[in-house]
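Chain by chain, the residues run as shown.
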Amino acid sequence: MKVIKVLILGKSNVGKSSLINYITQNHTTLVSHKLHATRISTYHGYKCKDYYFHFIDTPGTSITESNLLAQAMKIHASKHITNCDIVILLTQPQKTYDYEHRILNELRQSNKNYIICVNKADIDLKNIFSLSLKNKLRIDKYSLISLKKNIGISELIDEMIKKYSV
């Protein structure tokens, strides 16, 4: 069985923990509407086909805050980049993608396989935010999912396998 280490990064409340709970069908990660519910990285496994996914759920970090909590959460998230096989940069429909732009620049410098994944796609039915996403992040391809409506999850898993196999 091949093991794929998948690091999930993103701002608070974009659905990182919810994505892991949904895929693994196990509610072991803390999910909350409050900011910074996840304070340290947690690990979760999932078997699919001939693969074992080792998900790393990271705290949602702030790029601009520099208090002790923010610094500790950044360290927890960033230390896993070198040890993972794939990074999922999880975001959602929003007006700006400055945070994601900064993280994506770091990922490009690290030469890691990554997937840009937009959760809550069901709230952007007219694709209002897709142009902003493409322009700000300078990308052509991204995964659209909705955990609430069960959209795009199996395609995301297939994309992870494809990225790993490259």
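For the structure, check the block above.
In what follows, the accompanying structure is described. (Residues numbered from 1 in each chain as written. Predicted model: local features only at pLDDT ≥ 70, side-chain atom pairs only at ≥ 80, totals over all residues. Heavy atoms only, no water.)

Attention shifts here to the packing of aromatic side chains. One pass over the full model with this rule turns up 4 aromatic pairs. Plain terms: the ring middles of Phe53 and Phe55 are 5.8 Å apart, the flat faces sit at 10° to each other, and that makes the pair stacked. Per residue, the accessibility class of Phe53 equals that of Phe55, and both read buried. Among the aromatic residues, those joined into a cluster by ring pairs are Tyr46, Tyr51, Phe53, Phe55 and Tyr164. The ring of Tyr114 is capped by Lys163, whose NZ or CZ atom sits 6.0 Å from the centre of that ring. (Phe/Tyr/Trp six-rings, centres within 6.5 Å; stacked < 30°, edge-to-face > 60°. Buried < 20%, exposed > 50% of the residue type's maximum accessible area, 1.4 Å probe, protein only. Lys NZ or Arg CZ within 6 Å of the ring centre and 35° of its normal.)

This part takes up the packing of helix α1 (residues 16–24) against helix α5 (residues 153–165). It is at 11 Å that the axes of α1 and α5 come closest, and there the two elements cross at 95°. When the interaxial angle is binned, α1 and α5 end up roughly perpendicular. Contacts from Leu19, Tyr22 and Ile23 of α1 reach α5 at Ile153, Leu156, Ile157 and Met160. Tallied by class, the residues present in the contact of α1 with α5 amount to 7 nonpolar, no polar and no charged. (Axes fitted to C-alpha atoms, helices over the stretch in contact; angles between N-to-C directions. Helix = DSSP H or I, 4+ residues; strand = E, 2+ residues; numbered from the N terminus. Parallel < 35°, antiparallel > 145°, perpendicular 65-115°, else oblique. Contact = heavy atoms within 4.5 Å. Nonpolar A, V, L, I, M, F, W, Y, C, P; charged D, E, K, R; others polar.)

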